[in-house]
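Architecture at a glance
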Amino acid sequence: MMFCRGRKHIGIIMVLLVLPVILVAQVQVTGRVVDAQNGSPVLGVNIVIKELQKGTISDDDGVYNFTVPEGKYTIIFSSVNYQTFHKKIDCKETKVTVNARLKKSVKQIQEIAVIGKSEAREIREKAMPISVVTMDELQGTVSNINDVLAKTSGITIRSTGGVGSSSRISVRGLEGKRIGFYIDESPMNDNSEFVDINDIPVDLIDRIEIYKGIVPPKFGGSAIGGAVNIVLKEYPPQYMDASYTIQSYNTHKVTGVFKRNKNRIEAGVGGFYTYSDNDYKMQVPMRKEKVTRTHDRYRKFVLGGGVKSYKWWFDELEIEPALVLSNKQIQGIEEFDIKHAQSNSDAFLVALKADKSNFLMEGMDLDLDASYTYTIYNLTDTASYRYGFDGGITKAVTDKGIGLGEIGQHPNTVDNRRHVFFKKLNLNYVLNGKHSINLNSHFRYSKGVPSDTLKDAVLEYKTNFNSTMRSWTVGFTHEYNSGNSKFTNAAAVKYYHYTMQTRLIELTDINRIPEDIDNTKSNYGISNAMRYRFTPNFLVKASVAHDVRLPSDNELLGDGFIIAPAGNLDPERNTAFNIGVMYDKTNRRMNRFQVEVNGFYQYLENMIRFTGGPLQSIYQNFGKMRSLGAEAEIKWDATNWLYLWGNVTYQDLRDVRKHDPGSKQENATYKDRMPNIPYFFANGGFELHKQNLFGGKGQNTRLFVDCAFVEEYFYDFEQSIYQQNRIPQSLTFNVGWEHSFLNQSVFLSLQANNITNETVISEFKRPLPGRNFGMKIRYVWKKDK
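Starting from 1, residues in each chain are numbered consecutively following that chain's sequence as written. This being a predicted model, a pLDDT of at least 70 is required before a residue's local features are given, and a value of 80 or more before pairs of side-chain atoms are given or counted; all residues contribute to the totals for chains, interfaces and linings. Values reported for side chains reflect all heavy atoms of the structure, with hydrogen atoms and water molecules removed beforehand.

Quick notes on the overall build of the protein
Regarding its fold elements, the protein presents seven helices and 47 strands. Relative accessibility under 20% of the residue-type maximum defines a buried residue, over 50% an exposed one, and the middle range a partly exposed one, all with a 1.4 Å probe and only protein chains included. The buried share of the protein, reckoned over its 785 residues, is 53%. Expressed as a percentage of contacts within the protein between residues at least 6 apart in sequence, the contacts between residues at least 24 apart total 64%. To be clear on the numbers: accessible area is Shrake-Rupley with a 1.4 Å probe, and residue cover counts the displayed protein chains and nothing else. As presented, the protein carries roughly 35000 Å² of accessible surface, and 57% of it is formed by carbon and sulfur atoms. Counting from the N terminus, the helices are the DSSP runs of H or I reaching at least four residues and the strands are the DSSP runs of E reaching at least two. We call two residues in contact whenever any of their non-hydrogen atoms come within 4.5 Å of each other.

Side note on the pairing of strand β13 (residues 179-183)
In terms of residue burial, β13 counts as a mostly covered element, since five of its five residues are buried. Here β13 shows no split at all, with I179, F181 and I183 on one side and G180 and Y182 on the other all buried. Looking at chain direction, β13 and strand β16 (residues 226-232) are connected through five bridges and run parallel. Opposite Y182, over in β16, you have N229 as the bridge partner. Where β13 folds back onto strand β14 (residues 186-187) in an antiparallel hairpin, the turn is made up of two residues, including D184, whose phi is positive at roughly 50°. For two strands to be treated as a pair, DSSP must find no fewer than two bridges joining them.

Observations regarding the sheet that holds strand β12 (residues 174-175)
What the three strands build is an open sheet, ordered β10-β11-β12; its pairing is antiparallel. The two strands at the open ends of the sheet, each matched to only one other strand, are β10 (155-159) and β12. As judged from the two bridges shared by strand β11 (residues 167-171) and β12, these two strands associate in the antiparallel manner. Among the inter-strand pairings, S170 is bridged to a residue of β12, identified as E175.

With respect to unusual backbone geometry
Phi at N676 is positive, roughly 60°, even though this residue is not glycine. For N754, which is not a glycine, the phi torsion comes out positive at approximately 50°. Inspection of the secondary structure assignment puts N754 in the loop between β44 (746-753) and β45 (761-762).

Considering the sheet that holds strand β2 (residues 46-49)
Strand order across the open sheet formed by four strands is β3-β2-β5-β6, with antiparallel pairing between neighbours. Both outer strands of the open sheet, β3 (54-57) and β6 (85-91), are each paired with one neighbouring strand and no more. Ignoring which end each strand starts from, the neighbouring axes of this sheet average 20° apart. Of the pairings in the sheet, the one linking strand β5 (residues 71-78) to β6 comprises seven bridges and is antiparallel in character. Structural elements are reduced to axes, namely lines fitted to C-alpha atoms, with helices fitted over the stretch in contact, and the angle between N-to-C directions of any two is expressed from 0 to 180 degrees.

With respect to the pairing of strand β9 (residues 130-134)
In terms of burial, β9 is a largely internal element, five of the five residues being buried. Judged by which residues are buried, β9 turns out to be covered on both faces: I130, V132 and T134 on one side and S131 and V133 on the other are all buried. Direction of pairing for β9 relative to strand β15 (residues 205-212): antiparallel, over a ladder of five bridges. Bridge pairing in β15 links S131 to I210.

Focus on the confidence of the model for the protein
Chain-level pLDDT for the protein is 82 on average; 87% of the residues reach the 70-or-more range. Confidence over residues 1-24 falls short of pLDDT 50; this stretch has 51 contacts with residues more than four positions distant or in other chains. Below pLDDT 50 for its whole length, residues 106-118 participates in 32 contacts with residues either more than four positions away or in separate chains. On a range of 0 to 100, pLDDT expresses the predictor's confidence in each residue.

A look at the nonpolar core
Here, nonpolar core refers to any group of buried Ala, Val, Leu, Ile, Met, Phe, Trp, Tyr and Cys residues whose side-chain atoms link them within 4.5 Å. Counting 31 residues, the largest nonpolar core has I145, L149, I169, I208 and I230 as its most contacted members. Setting aside residues no more than four positions away along its own chain, I145 makes contact with I197, N198, I200, V202, I205, I208 and I230. The next biggest cluster of nonpolar side chains, apart from the first, holds 20 residues, and it includes I47, Y73, I89 and V96.

So, the side chain of T575
Within the secondary structure layout, T575 lies in strand β35 (residues 572-586). Pairs of N or O atoms are called polar contacts if they sit within 3.5 Å, as long as, within protein, a hydrogen donor faces a hydrogen acceptor (for residues adjacent in sequence, only side-chain-to-side-chain pairs). Looking at T575, its side chain comes within polar contact range of the side chain of H546, at 2.8 Å.

Observations concerning the pattern of salt bridges
Salt bridges are defined as contacts in which a side-chain nitrogen from Lys or Arg sits within 4 Å of a carboxyl oxygen from Asp or Glu. Under the defined criterion, the tally for this structure stands at 25 salt bridges. The salt bridge partner of R178 is E572, with a shortest N-O separation of 3.0 Å. Taken together, the residues span a long stretch of sequence, with R178 in the loop between β12 and β13 and E572 in strand β35 at a distance of 394 residues. Of the two residues, R178 and E572, both sit in the buried class.

Examining the side chain of N426
Along the polypeptide, N426 turns up in strand β28 (residues 412-430). Within the structure, the side chain of N426 is placed 3.4 Å from the side chain of N438, a separation counted as a polar contact. If we skip the residues at most four places from it in the chain, N426 touches K218, D365, L366, D367, N438, L439 and N440.

Details of the packing of aromatic side chains
Each Phe, Tyr or Trp ring (for Trp, its six-membered ring) is paired with any other whose centre lies within 6.5 Å, and the angle between the two planes then decides the class: stacked below 30 degrees, edge-to-face above 60, tilted in between. By the definition in use, this model includes 19 aromatic pairs. Ring plane angle 70° and centroid distance 6.2 Å describe the contact between F680 and F709, whose orientation is recorded as edge-to-face. Of this pair, F680 sits in strand β39 (residues 680-691) while F709 sits in strand β40 (residues 700-710), and the two are 29 residues apart along the sequence. An aromatic cluster is defined as three or more aromatic residues linked by ring pairs; in this entry it consists of Y64, F66, F77 and F85. The lysine or arginine in question, K339, covers the ring of Y387, its NZ or CZ lying 5.5 Å from the ring centre. One cation-aromatic arrangement involves R673 over Y679; the distance from NZ or CZ to the ring centre is 4.1 Å. Counting as a charge over the ring demands two things of the Lys NZ or Arg CZ atom: a distance within 6 Å of the ring centre and an angle within 35 degrees of the ring normal.

Some words on the environment of F476
Relative to the elements of secondary structure, F476 occurs in strand β30 (residues 467-481). Each C-alpha atom of the pair F476 and N426 lies 9.9 Å from the other, and the pair is 50 residues apart in sequence.

Considering the environment of K233
Position of K233 relative to the elements: it lies in the loop between β16 and β17 (238-247). The buried category is assigned to K233, whose relative accessible area is 12%. Through-space distance from the C-alpha of K233 to that of D184 is 9.7 Å; in sequence the pair is 49 residues apart.

So, the environment of K671
You can see K671 is positioned in the loop between β38 (642-655) and β39. On the basis of relative accessible area, K671 is assigned to the exposed category, the value being 52%. For the pair K671 and M625, spaced 46 residues apart in sequence, the C-alpha to C-alpha distance is 8.9 Å. Excluding anything up to four places from it in sequence, K671 contacts R654 and D655.

Dropping the structure here:
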């Protein structure tokens, strides 16, 4: 979604765009695949042009779309439990529509199961360690993406509160900025203050891909522990989707999407509004009884649009503007009951995307992403009194009578503004049926303009300075696939380069003289992943990566009030190994049984860790950490109406610094378990589903029960048996029900979370909501022409 004209890359891009080429007329092949017996759409059908060995897979509406050069071809439709369908086509017009009605088949199930796979299963079977959450697991749920991801092996969600609170994804113990966050392969990590993963309505998602240990170079960006890629739905030519959700704690969510296609030009608009009081009860240190959160209101409004054309030289050319407006009160949870401090986060984005098949030569595909983002972050904290949970009131003013606020040691009227330009260029070239190469270039330019006039006036010196940061990541991947599809190997190399210019004042500098910071650093990363299929249903994976993560803007420059700048941070480096096996079988009744087991090892150097201080917190290079663990997952369609699933994860993260930073003194926590990271957790559940359970036609009913267990883990390093400061064990249960009418046009969903009202504490002892409920109604209208 983003692009920037970097000085180091503009020449390369211009050469690519001005090279003389012979333009081959492209024909759009599109259509819809349905069941011949009942007319329902068929998802995951393999559609292939025999002569070109090129194709795609039908989406959840049975719709497919791709381009080919002019000519005569044979198009093949194949899928599990359906007869393979062949048809001759003559592609001489700009658009050819080929619809298919597939007939059921009970023959050759084993062969078809290997050829006609859903896109989700094909991704699971890649050489990299990866988990996929499909639309079937998302549809109808009242919960958010965090709740969905938490059901995946190796994944924990580090939440800090209710709706709108910050949350971090932890993959095998590595979390935060180490984990890449992508939407349709466009990196979003650097916009996490404005777009949280929980903001994306689940109704808009086709699937979620979770990469573990290795991040595909084609994604761009800088991440080392893994990545979460959210793939949004491709809608039919005419489509409308609207939903309303009401949940506990006065939470309301409204979502809407509308799309129309005419003369090969698509236009759409969508957005959502979220409001929550988050007024649940929590335990605080100063009181024996629980107290109600009274200052945690959250509001967010997002509006986006897009225009996509299939008419011009590019196969697809799209422009997308978006607006984000949010407001959040700040809730106290320890000593003080904050009553006035609040923040606003606003962003404006405009993005350009362009795709071109057979760019320059047959078999080469071009993807260009470009964007400009302007963000504004405000924090107001100027109160003159502080209210304790014990009922006490303390006056907090300077000697000039200025309120000191409720959060830190000084008042704040933060006004941080940022301009971000982003560019991603991706070239993929299929050399032949066995070899393909991919080149990715990712450039980002960020200019920060922070301001806090009240803080500067109180301290009597300037504390925030403008900054610029440039980062460039380029990756090259070679993939080999054996002719019989048994063996796959993907080898990749990445190069990282970044520069940062700003001014900083050290907190210990009594003269308050700004120091000029001008950092330039480069590094590299390599990875290799392989997969071998012993049988059509059984395969083995192995991978190794030695990669780098560049420090983020927030880590280097701080946020202007709570987080101090740390301009000299070194990049993190991670060495990761993974080996796993997967068995995946679908029987004649379309019942599926899947088991996957993985073992992993990670060694992190120059670990960047968030540490507290007397006046401000700061990010520091912690040192070295080692992780060793295993995970297992099972999914089973036990019958046509019963689905069972479960997973378990053990991850042992240890401090392996032999000496304290900057000294020869032995490290007292050497080989101790890392705090604030769960080391053992498990999830499980079942789902009952049946069509027309209550009679009639076009109805579908689902009932599901999920449970999650997290073992007790350390809050901080424990140096004594008398130091029992821990996050308690938790076991929670969620129950949900969904019923759809009118051939999945109307959905009604109900859900109860944490039905036993278990006390759940997240990292750093942040209390999470107890028992809560939700209801959602959704209406979908679509038309294929």
